Amino acid sequence: MKKIILSFVFALVSMITYAQSTWTVDPMHSSVNFSIKHMGISFVQGRFDQFDGTVSSPGASLDNAQFKFSVQTQSINTGVEPRDKHLRSADFFDAEKFPAMEFESTSLVKGKNNTYTLKGKLTVKDITKDVSIPVTFGGVTKNQQGKDVAGLQAKFTVNRLDYNIKYDPTGAGVAKDVEVVLFFELVK
(Lines give C-alpha, C1' and ligand atoms only; values in the text may rest on other atoms or scores of the structure.)
Protein backbone atom coordinates (compact mmCIF):
# COMPACT_ATOMS: atom_id res chain seq x y z
CA MET A 1 0.00 0.00 0.00
CA LYS A 2 2.84 2.37 0.87
CA LYS A 3 4.36 1.87 -2.62
CA ILE A 4 1.02 2.63 -4.28
CA ILE A 5 0.64 5.87 -2.30
CA LEU A 6 4.24 6.91 -3.08
CA SER A 7 3.71 6.12 -6.77
CA PHE A 8 0.52 8.20 -6.78
CA VAL A 9 2.29 11.16 -5.06
CA PHE A 10 5.19 10.93 -7.52
CA ALA A 11 2.81 10.87 -10.50
CA LEU A 12 0.85 13.84 -9.12
CA VAL A 13 4.02 15.90 -8.52
CA SER A 14 5.22 15.04 -12.04
CA MET A 15 1.91 16.18 -13.55
CA ILE A 16 1.97 19.45 -11.61
CA THR A 17 5.59 20.11 -12.56
CA TYR A 18 4.90 19.34 -16.22
CA ALA A 19 1.88 21.64 -16.33
CA GLN A 20 3.83 24.54 -14.81
CA SER A 21 5.12 26.99 -17.41
CA THR A 22 7.96 29.39 -16.64
CA TRP A 23 8.89 32.14 -19.05
CA THR A 24 12.00 34.33 -18.77
CA VAL A 25 12.46 37.83 -20.21
CA ASP A 26 14.71 37.83 -23.29
CA PRO A 27 16.67 41.11 -22.88
CA MET A 28 17.77 41.04 -26.54
CA HIS A 29 14.13 41.42 -27.64
CA SER A 30 12.68 43.45 -24.77
CA SER A 31 12.83 47.02 -23.49
CA VAL A 32 11.88 49.12 -20.46
CA ASN A 33 11.17 52.69 -21.61
CA PHE A 34 9.89 55.91 -20.10
CA SER A 35 8.87 59.41 -21.10
CA ILE A 36 8.46 62.48 -18.91
CA LYS A 37 7.44 66.04 -19.68
CA HIS A 38 10.19 68.65 -19.30
CA MET A 39 9.58 72.36 -18.64
CA GLY A 40 5.94 71.82 -19.60
CA ILE A 41 6.78 72.03 -23.31
CA SER A 42 8.75 68.95 -24.36
CA PHE A 43 9.49 65.36 -23.37
CA VAL A 44 12.58 63.48 -22.30
CA GLN A 45 12.65 59.83 -23.26
CA GLY A 46 14.81 57.15 -21.80
CA ARG A 47 15.18 53.50 -20.98
CA PHE A 48 16.73 51.10 -18.52
CA ASP A 49 19.29 48.81 -20.13
CA GLN A 50 19.42 46.10 -17.43
CA PHE A 51 16.33 44.21 -16.30
CA ASP A 52 15.08 40.69 -15.84
CA GLY A 53 11.93 38.87 -15.00
CA THR A 54 9.85 35.74 -15.06
CA VAL A 55 6.26 34.78 -15.65
CA SER A 56 5.13 31.51 -14.09
CA SER A 57 1.75 30.02 -14.88
CA PRO A 58 0.11 26.78 -13.80
CA GLY A 59 -0.69 25.92 -17.43
CA ALA A 60 -0.11 26.98 -21.01
CA SER A 61 -2.15 30.21 -20.75
CA LEU A 62 -1.60 33.38 -18.72
CA ASP A 63 -4.51 32.55 -16.41
CA ASN A 64 -3.34 32.68 -12.77
CA ALA A 65 0.19 33.60 -13.86
CA GLN A 66 2.68 35.15 -11.43
CA PHE A 67 4.87 38.01 -12.71
CA LYS A 68 8.18 39.12 -11.18
CA PHE A 69 10.32 41.82 -12.74
CA SER A 70 13.39 43.75 -11.62
CA VAL A 71 15.01 46.81 -13.21
CA GLN A 72 18.53 47.97 -12.34
CA THR A 73 18.35 51.71 -11.61
CA GLN A 74 22.05 52.21 -12.40
CA SER A 75 21.27 51.26 -16.01
CA ILE A 76 19.14 54.36 -16.73
CA ASN A 77 19.94 55.76 -20.18
CA THR A 78 18.57 58.97 -21.67
CA GLY A 79 21.44 59.38 -24.09
CA VAL A 80 22.90 62.30 -22.09
CA GLU A 81 25.49 61.16 -19.52
CA PRO A 82 25.34 64.26 -17.23
CA ARG A 83 21.54 63.87 -17.01
CA ASP A 84 21.86 60.10 -16.42
CA LYS A 85 24.35 60.74 -13.62
CA HIS A 86 21.87 63.17 -12.03
CA LEU A 87 19.05 60.61 -12.37
CA ARG A 88 21.21 58.02 -10.57
CA SER A 89 21.82 60.46 -7.68
CA ALA A 90 19.83 60.87 -4.46
CA ASP A 91 17.75 63.59 -6.21
CA PHE A 92 16.05 60.84 -8.22
CA PHE A 93 16.70 57.06 -7.99
CA ASP A 94 19.59 57.04 -5.50
CA ALA A 95 20.90 54.03 -7.42
CA GLU A 96 23.73 53.31 -5.02
CA LYS A 97 21.34 52.89 -2.09
CA PHE A 98 18.42 51.45 -4.11
CA PRO A 99 19.93 49.39 -6.96
CA ALA A 100 16.66 47.90 -8.22
CA MET A 101 13.01 48.70 -8.85
CA GLU A 102 10.82 45.63 -8.49
CA PHE A 103 7.36 44.47 -9.44
CA GLU A 104 5.53 41.39 -8.18
CA SER A 105 2.02 40.57 -9.31
CA THR A 106 -0.95 39.89 -7.05
CA SER A 107 -3.55 39.13 -9.74
CA LEU A 108 -4.17 39.00 -13.47
CA VAL A 109 -7.64 39.58 -14.90
CA LYS A 110 -8.43 38.73 -18.52
CA GLY A 111 -10.25 41.40 -20.52
CA LYS A 112 -11.47 41.42 -24.11
CA ASN A 113 -9.39 40.04 -26.97
CA ASN A 114 -5.77 39.75 -25.84
CA THR A 115 -5.88 42.30 -23.02
CA TYR A 116 -5.36 41.80 -19.31
CA THR A 117 -5.20 43.92 -16.17
CA LEU A 118 -2.10 43.06 -14.17
CA LYS A 119 -2.23 44.12 -10.52
CA GLY A 120 0.70 44.00 -8.19
CA LYS A 121 3.18 45.76 -5.98
CA LEU A 122 5.70 48.18 -7.49
CA THR A 123 8.70 49.06 -5.35
CA VAL A 124 10.79 52.11 -6.20
CA LYS A 125 13.38 53.27 -3.70
CA ASP A 126 11.89 52.64 -0.23
CA ILE A 127 8.24 52.82 -1.29
CA THR A 128 5.95 49.95 -2.32
CA LYS A 129 2.55 50.72 -3.81
CA ASP A 130 -0.25 48.78 -5.47
CA VAL A 131 -0.47 49.39 -9.21
CA SER A 132 -2.82 48.30 -11.97
CA ILE A 133 -1.22 47.82 -15.38
CA PRO A 134 -3.02 47.20 -18.68
CA VAL A 135 -1.22 44.46 -20.60
CA THR A 136 -1.61 43.30 -24.20
CA PHE A 137 -0.68 39.69 -24.87
CA GLY A 138 0.88 39.37 -28.33
CA GLY A 139 0.63 35.58 -28.49
CA VAL A 140 3.00 32.63 -28.58
CA THR A 141 5.19 31.34 -31.41
CA LYS A 142 8.45 29.44 -31.90
CA ASN A 143 11.78 31.24 -32.24
CA GLN A 144 14.66 30.26 -34.54
CA GLN A 145 15.88 27.71 -31.99
CA GLY A 146 12.45 26.08 -31.82
CA LYS A 147 11.70 27.41 -28.33
CA ASP A 148 8.30 28.80 -27.38
CA VAL A 149 8.30 32.60 -27.08
CA ALA A 150 5.54 34.94 -25.93
CA GLY A 151 5.09 38.68 -26.37
CA LEU A 152 3.68 41.20 -23.89
CA GLN A 153 3.44 44.95 -23.90
CA ALA A 154 2.25 47.37 -21.25
CA LYS A 155 1.80 51.11 -20.97
CA PHE A 156 1.00 52.90 -17.73
CA THR A 157 1.69 56.08 -15.77
CA VAL A 158 3.17 56.55 -12.31
CA ASN A 159 3.52 59.66 -10.21
CA ARG A 160 7.21 59.84 -9.30
CA LEU A 161 6.43 61.80 -6.11
CA ASP A 162 4.53 58.74 -4.81
CA TYR A 163 7.86 56.86 -4.84
CA ASN A 164 9.95 59.41 -2.94
CA ILE A 165 11.49 60.92 -6.08
CA LYS A 166 11.08 64.44 -4.79
CA TYR A 167 13.33 66.52 -7.07
CA ASP A 168 11.30 69.55 -8.30
CA PRO A 169 8.18 68.69 -6.29
CA THR A 170 6.16 71.37 -8.10
CA GLY A 171 6.50 69.49 -11.38
CA ALA A 172 7.26 72.75 -13.23
CA GLY A 173 10.62 71.62 -14.60
CA VAL A 174 10.29 67.85 -14.36
CA ALA A 175 6.70 66.60 -14.50
CA LYS A 176 5.22 64.50 -11.74
CA ASP A 177 3.81 61.80 -14.03
CA VAL A 178 6.09 59.36 -15.85
CA GLU A 179 4.77 57.29 -18.73
CA VAL A 180 6.25 53.78 -18.70
CA VAL A 181 6.18 51.54 -21.78
CA LEU A 182 7.32 47.93 -21.59
CA PHE A 183 7.92 45.50 -24.43
CA PHE A 184 8.74 41.97 -23.29
CA GLU A 185 9.56 38.88 -25.28
CA LEU A 186 9.57 35.87 -22.98
CA VAL A 187 11.23 32.51 -23.63
CA LYS A 188 9.76 29.34 -22.15
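Residues numbered from 1 in each chain as written. Predicted model: local features only at pLDDT ≥ 70, side-chain atom pairs only at ≥ 80, totals over all residues. Heavy atoms only, no water.

Asks: I tried to follow the overall build of the protein chain on my own but got confused; where do I start?
Replies: Each helix and strand in the protein chain was counted, giving two helices and 11 strands. In sequence order, the protein chain lays out its α and β elements as α-β-β-β-β-β-β-α-β-β-β-β-β. The burial tally for the protein chain puts 38% of its 188 residues in the buried class. Within the protein chain, contacts between residues at least 6 apart in sequence are counted, and of these 52% link residues at least 24 apart. Counting every atom, the protein chain has about 11500 Å² of accessible surface; 57% of that belongs to carbon and sulfur. (Helix = DSSP H or I, 4+ residues; strand = E, 2+ residues; numbered from the N terminus. Buried < 20%, exposed > 50% of the residue type's maximum accessible area, 1.4 Å probe, protein only. Contact = heavy atoms within 4.5 Å. Areas by Shrake-Rupley, 256 points an atom, 1.4 Å probe, with all protein chains shown as cover.)

Asks: Before we go on, may I ask you to explain the packing of aromatic side chains in this structure?
Replies: Geometry of an aromatic ring pair is reported as the spacing of the ring centres plus the angle between the planes. All told, the structure shown has six aromatic pairs when counted by the stated rule. With a centroid separation of 5.7 Å and an interplanar angle of 45°, the aromatic rings of Phe 34 and Phe 48 are classed as tilted. Of the two residues, Phe 34 sits in strand E2 (residues 31–38) while Phe 48 sits in strand E3 (residues 42–48), which places them 14 residues apart along the sequence. Across the pair, Phe 48 and Phe 34 agree in class, each one buried. A centroid spacing of 6.1 Å and a plane angle of 45° characterise the contact between Phe 67 and Phe 69, whose relative ring orientation is tilted. (Phe/Tyr/Trp six-rings, centres within 6.5 Å; stacked < 30°, edge-to-face > 60°.)

Asks: It is not clear to me how the nonpolar core should be interpreted in this structure. Could you clarify?
Replies: The tendency in soluble globular proteins is for nonpolar side chains to be buried as a group. Among the nonpolar cores identified, the biggest contains 43 residues, and Leu 62, Phe 67 and Phe 184 are the most heavily contacted of them. Ranked by the residues each element gives to this core, the list is headed by strand E11 (residues 174–187), at seven residues. The contact partners of Leu 62, leaving out residues within four places of it in the chain, are Val 55, Phe 67, Leu 108, Tyr 116, Phe 137 and Leu 152. (Core = buried A, V, L, I, M, F, W, Y, C linked by side-chain atoms within 4.5 Å.)

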